[in-house]
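So the chains spell out like this:
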Amino acid sequence: MDGQVTERRMHLVRWALTTGWLLIIASLLYDPFTPRFTEPDHPWSPLRLPADCVPVQGTCLTETPYPLGTTLFWGLVVPAGVFVLLVFGHELWRRICPLSFLSQIPRALGLQRQIARVNPKTGEKRFQLAKVQGDSWLGKHYSQLQFGWLYVGLCGRILFFNADRLVLFAWLSFTIVCAIAVGWLYGGKSWCQYFCPMAPVQSIYSTPAGLLGSRAHMAATPITQSMCRTVQPDGAEQSACVACQQPCIDIDAERTYWARLPTPAFAFERYGYVGLVLGYFLYYYLYAGNWDYYFSGVWLRQSDQLALLLRPGFVLFGQPIDVPRLVAVPLFLGLCTWLGVLVGRAIESGLRGQVRRRGAEPDRDRIRHRVFLVATYLVFNFFFLFSGRPLILLLPAWVQYLYDVILVALSTLWLYRAWGRSPALYGRENLAERFRKQLARMDLDVGRYLDGRSLADLGTEEVYVLAKVLPGFTGHKRLEAYKGVVREALEEGFVNAASSLDVLKQMRLSLGISDDEHRQLLDELGVEDPGLLDPDSRRSLEDQIRLSGYRKSLERLMLVQSLGDGGVRGDAAGDGAALRALRREFGISLREEERVRGDVSPRAAAIRKLELLLERLPALTDGYRALHQSALRHQSVVLDLVDDRLQLRKELTLRAILAGLVTLQEDPVVPALVQRLQAIAPLGLPELVQADDWAGRLPASVAEALGRPGGEIASCPLQVPVVDTLTFLDSLAADPSPTLAAAALFLSACLDAERARSLAAQVGGKASPPLLAQTAQAVGALQGPPALRDCPELEKRVFLATSDFFRRSDADTLAALAEQADVRTFSRGDLITEAGDTCRELLLLIEGRALVRHRVGEREWLEDMEPGRVLDELEVLTHSTSESTIVAEADGTRVLAVPVDSFDAVLERDPDFARRVLELESGQLQRLMRASADSPAGGLSS
């Protein structure tokens, strides 16, 4: 909700609140003014001391006028913070929190700690802001540290500084010094993220979202919620995020909530806090033996706390229990915290058991989420039943009643708003918002379909419905928009190459995009940005925001430098002090520097992309060589499948390289890049350059160089070590394409059965695609040398994919055909089809031989059919009777039969496949016509 408030105005608010907070802290040392308002005979002050006796452990307390610092701090400041968190969300609290503001003093003064990072390849040393590493002890256990500090703080309140102003001053001063010290030790909001004892309270009351909080994943601005930001001289706000924590609650609170929801630490934090709050307020009754002690507020005026440390800590049934307060307080609060955790987990377990008794599998995340919500709702109202109550009771009864009604109403609305949230809903909204942005970038005319509304007004499902009915939103544009969504999701770490198929499934169903189209887009994205699909490249939203902030700062620096140099330096900033300071601030590595420079400069981007593609190209060639082992020669059909997929990727890579050369045109680096390209891929380049008019788009000298064979064809050993082949097959077994991964697993079993079984156990889990899981199960059960027929589902897809009729068809098309097809075996002389039979199946010869007796009118001739050929395809397409007789010519002849209805359904669903079939059959018809014309009239030829 505070997102519309500018940072400059919020900065003034922070100054005002911090000043007021520091004045309250200062008043703990010296305050000659406020005690007069507490004198018993003050004529109008509601804070004057009452005449009534407040008994504690059977003894009336003697009270004297007191300063109001502790009363204001505990009775007003602390409750206000909790109220802000639940109603307005953490985003407002983090932007106004005085302690967070003070922790940024070292950053404002430029005095933060730097650490040296040495590039192992180049030896270059770079200084970067020190940050808490995610794999460090603090990075793993910060929530326990924060909760422990909160526990110590509540124990300390009761024992030491509820009313003792000097001790409270020392405690708050110590906390401020710690916040400033952490601000020097670590960059970003490390105090808030890793140390602040208020952080668990923020997380509990403000996630998944405050009642009036914004939804960062649906925000129209890139600077969301309480993200770190700076104000530029022109008044524009810019992200200053340094990715100090991932995921970050300041960027997207709900995303952080769902990420932490399954973790034991988060459950302990939630349930432990409920028990801690209950124990804290209940202890006042157990100590005094009555509730008057708390509700009168006398504990805020009992300044001799240190003298009470060894007094009895409990009163039960009017009798003091001789356990010192110094022991009783931590013992009781610790016990309540432990009980809170036990009860919370028991409720979760009970609800899961209840669902199982109904015969369903419980949704653990949904159950925990709703238990969290109820726990937060109850503890919020319980907290305000006590917190601030000594001051509220001084107000008229109607004000007290209105106060309670407002609190219950607001917390109930919060519960209602959060009850239906779920990770799946969050994911759908996230993807819909990305898709909405892609539609906006396409400048489509959508106004007349929205009845006065804009794209931003549409709900999650409405966006997809609109995409289906827009006349100008063709299949190509739909794929283009979806590709943009996938790219953004990969860049921000929302998905990775392995999970994207499942996470984006609902979106694909809504847009009518097939799984195989998704995989093809992944291949294209991997070529366009070679690092995008790298499993070792850690990507996150926080890093994207950090790099975006650095890029904008770099652009501004380059602009200033170009203006100062008369516009000479246009594509790169110098390596001066200002640039080094920027790199330190944002923690930019050499690789990230190259990436950002590429984004800023099209030339640098093209060169960087070409370098990465040229580095990748040899791996495709080496992989091709590695597959051609003598031990795999008998699996030629499987090798053909893998070779075809690798060749397709090589073609995509070469086309991307040519596109990069088109961008660079006559750049001085082009000759060296062309020479490297010719050395890596000397064969096939001339033909590729002539295709798609590359020769007309490339500079004449480049087109001429690539249009003739160049470089030297590298000599390579005919036999590659088996271990290299197995290593390459291991990498292919993790490929996003199920067919390619299954084929790689099968070939691995042909070389090393034991290693293949181990690999099958790794890749064949429940989450793997069905084809890969079935192949892994078959490989795991092998006792001897594998045969392709041992993996029937893979066998059907392999033969379909390597036949001329179905080559390079979509994987979804092949899967649909394979699911309905079955394999039939014939002996020598068996009749496969007979002239006059109705063609109800498309037949693909996969093993053995067949003799076809063709007949056209009075003319007849014979034709031998080899594996990989389709039989009677023309009759299947026309739904006519067969005019040929087909006989098996060898024992063990096997045919893959695809029902004609399934084949027709695929033709209707896949226009590209229908076009290829038409082209193939036109050629086949011409061939048959020529064969018929050449055969002797009325005779037979073989």
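Numbers given to residues run from 1 along each chain, matching the order in which its sequence is written. Side-chain atom pairs in this predicted model are given and counted only at pLDDT of 80 or more, local residue features only at pLDDT of at least 70, and totals for whole chains, interfaces and linings cover all residues. The basis for every side-chain value is the complete set of non-hydrogen atoms in the structure, without hydrogens or water.

### A few points about the overall build of the protein chain
Looking only at helices and strands, the protein chain has 40 helices and 16 strands in total. The 942 residues of the protein chain split such that 50% are buried. Contacts in the protein chain between residues far apart in sequence, at least 24 positions, make up 74% of those at least 6 positions apart. Methods summary: accessible areas were calculated by the Shrake-Rupley approach with a probe of 1.4 Å, and residue burial reflects only the protein chains presented. With an accessible surface of roughly 44300 Å², the protein chain has 59% of that area assigned to carbon and sulfur atoms. Only DSSP runs of H or I with at least four residues qualify as helices, and only runs of E with at least two residues qualify as strands; both kinds are numbered from the N terminus onward. For each residue, the accessible area found with a 1.4 Å probe, counting protein chains only, is set against the maximum for its type, and the residue is called buried under 20%, exposed over 50%, and partly exposed in between. Contacts were defined at the residue level, with two residues in contact if any of their heavy atoms lie within 4.5 Å.

### Here we look at the pairing of strand β16 (residues 893–899)
The two faces of the sheet receive side chains in turn, since in a regular strand these alternate between them. Burial within β16 is extensive, with six of its seven residues counted as buried. Should DSSP find at least two bridges between two strands, the strands are taken to pair. Pairing of strand β9 (residues 822–826) with β16, which is carried by five bridges, proceeds in the antiparallel orientation. Along β16, the bridge assignment pairs R824 with V895.

### Section: the environment of F728
For F728, the position within the fold is in helix α32 (residues 722–732). Linking F728 and A626, residues 102 residues apart in sequence, is a C-alpha distance of 7.4 Å. Excluding residues within four positions of it along the chain, F728 makes contact with A619, G623, L627 and L646.

### Thoughts on the nonpolar core
W191, Y205, Y273, Y283, Y293 and L333 are the most contacted members of the largest nonpolar core, which has 84 residues in total. Per-element tally for this core: the top contributor is helix α11 (residues 264–288), with 11 residues. Nonpolar cores are built from buried Ala, Val, Leu, Ile, Met, Phe, Trp, Tyr and Cys residues. Side-chain atoms within 4.5 Å join them into one set. Ranked by size, the runner-up nonpolar core spans 54 residues in total, among them L729, L732, L814 and V906.

### Some words on helix α1 (residues 7–27)
When the terminal C-alpha atoms of α1 are compared, their 30 Å separation across 21 residues agrees well with the 30 Å that a helix rising 1.5 Å per residue should span. The complete set of buried residues in α1 reads E7, M10, R14, T18, W21, I24, I25 and S27. Here the expected span of a helix is defined as 1.5 Å times the quantity of residues minus one.

### What to know about the pairing of strand β7 (residues 312–316)
Of all five residues in β7, four are buried, a share of seventy percent or more. As paired elements, β7 and strand β8 (residues 319–324) share four bridges and run antiparallel to each other. The partner of F314 across the bridge, within β8, is I321.

### Section: a nonpolar patch on the surface
Like-charged residues within 9 Å of one another, or nonpolar side chains (Val, Leu, Ile, Met, Phe, Trp, Tyr) within 5 Å, are grouped into patches, provided each residue has over 30% relative accessible area and no salt bridge. We define a salt bridge as a contact between a side-chain nitrogen of Lys or Arg and a carboxyl oxygen of Asp or Glu at a distance within 4 Å. A contiguous nonpolar patch, built from I105, L109, L111 and W184 and spanning about 390 Å² of accessible area, is present on the exposed surface. Here L109 shows up in helix α5 (residues 105–109).

### Regarding the packing of aromatic side chains
Classification of ring pairs rests on two measures: the distance between centres of Phe, Tyr or Trp rings, Trp counted by its six-membered ring, which must be within 6.5 Å, and the angle between planes, read as stacked under 30 degrees, edge-to-face over 60 and tilted in between. This structure, assessed with the given rule, holds 42 aromatic pairs. An angle of 50° between the planes, with centres 6.0 Å apart, marks the rings of W291 and F295 as tilted. Charge-over-ring placement is defined geometrically: NZ (Lys) or CZ (Arg) within 6 Å of the ring centre, and within 35 degrees of the ring normal. The cationic tip of R157 hangs over the ring face of W74; the distance from NZ or CZ to the ring centre is 3.7 Å.

### Section: the state of the cysteines
Any cysteine sulfur atom paired with another within 2.5 Å is treated as part of a disulfide. Taken as a whole and judged by the stated rule, the model has one disulfide. The disulfide partner of C53 is C60, and the gap between their sulfur atoms is 1.6 Å. With the S-S dihedral at roughly -100°, the linkage between C53 and C60 falls on the left-handed side. Residue C53 is classed as partly exposed on the basis of its relative accessible area of 41%. Among the cysteines around C97, which has no disulfide bond, C196 carries the closest sulfur, lying 6.0 Å off.

### Thoughts on helix α14 (residues 364–386)
For α14, spanning 23 residues, the distance from its first C-alpha to its last is 33 Å, which sits close to the expected 33 Å at 1.5 Å a residue. You can read the cap of α14 off the contacts: a side-chain oxygen lies 3.3 Å from the backbone nitrogen of D365, and it is on D363. Each polar contact in these results corresponds to two N or O atoms within 3.5 Å; when the atoms are within protein, one needs to be able to donate a hydrogen and the other to accept it, and residues that are neighboring in sequence are counted only if both atoms are side-chain atoms.

### Focus: the pattern of salt bridges
A complete count under the given rule lists 29 salt bridges for this structure. With a closest N to O distance of 3.2 Å, E254 and R215 form a salt bridge. Residue E254 is found in helix α10 (residues 253–260), and its partner R215 is found in the loop between α9 (199–206) and β5 (229–231); the two are separated by 39 residues along the sequence. With relative accessibility at 3%, the residue E254 sits in the buried group. Here D404 and R389 are joined by a salt bridge, their closest N and O atoms 3.0 Å apart. One end of the pair, D404, is in helix α16 (residues 397–419); the other, R389, is in helix α15 (residues 389–392), with 15 residues separating them in the sequence.

### Quick word on unusual backbone geometry
Cis geometry marks the peptide bond from T207 to P208; its omega dihedral reads 10°. With respect to the helices and strands, the residue P208 is situated in the loop between α9 and β5. Cis geometry is found at the peptide bond from Q246 to P247, where omega equals -5°. Along the chain, P247 turns up in the loop between β6 (237–239) and α10. With a phi close to 45°, Q225 is a non-glycine residue in the positive phi region. Residue classification places Q225 among the buried residues on the basis of a relative accessible area of 7%.

### Concerning the packing of helix α27 (residues 636–664) against helix α28 (residues 670–680)
Packing of α27 against α28 leaves a shortest axis separation of 11 Å and a crossing angle of 165°. Relative to α28, the element α27 is oriented roughly antiparallel. In the packing of α27 onto α28, the handedness of the crossing is left-handed. Across the interface between the two elements, L654, I657, L661 and L664 of α27 pack against V670, L673, V674 and L677 of α28. A fitted line through C-alpha atoms represents every axis, and for helices the fit uses only the stretch in contact; the resulting angles, taken between N-to-C directions, go from 0 to 180 degrees. Any angle that falls under 35 degrees is termed roughly parallel, while one over 145 is termed roughly antiparallel, one within 65 to 115 roughly perpendicular, and all others oblique. Working rule for handedness: look at the near helix, and if it is turned counterclockwise from the far one by less than a right angle, call the crossing left-handed; if clockwise, right-handed.

### Things to note about the confidence of the model for the protein chain
Low-pLDDT stretches of the model should not have their predicted coordinates read in fine detail. Chain-level pLDDT for the protein chain is 83 on average; 88% of the residues reach the 70-or-more range. Scored between 0 and 100, pLDDT is the confidence that the predictor attaches to each residue. Of the regions scoring below 50 in pLDDT, residues 566–574 engages in 20 contacts with residues more than four places distant in sequence or in other chains. Predicted confidence is poor over residues 937–942, with pLDDT under 50, and the contacts of this stretch with residues over four places away or in other chains come to nine contacts.

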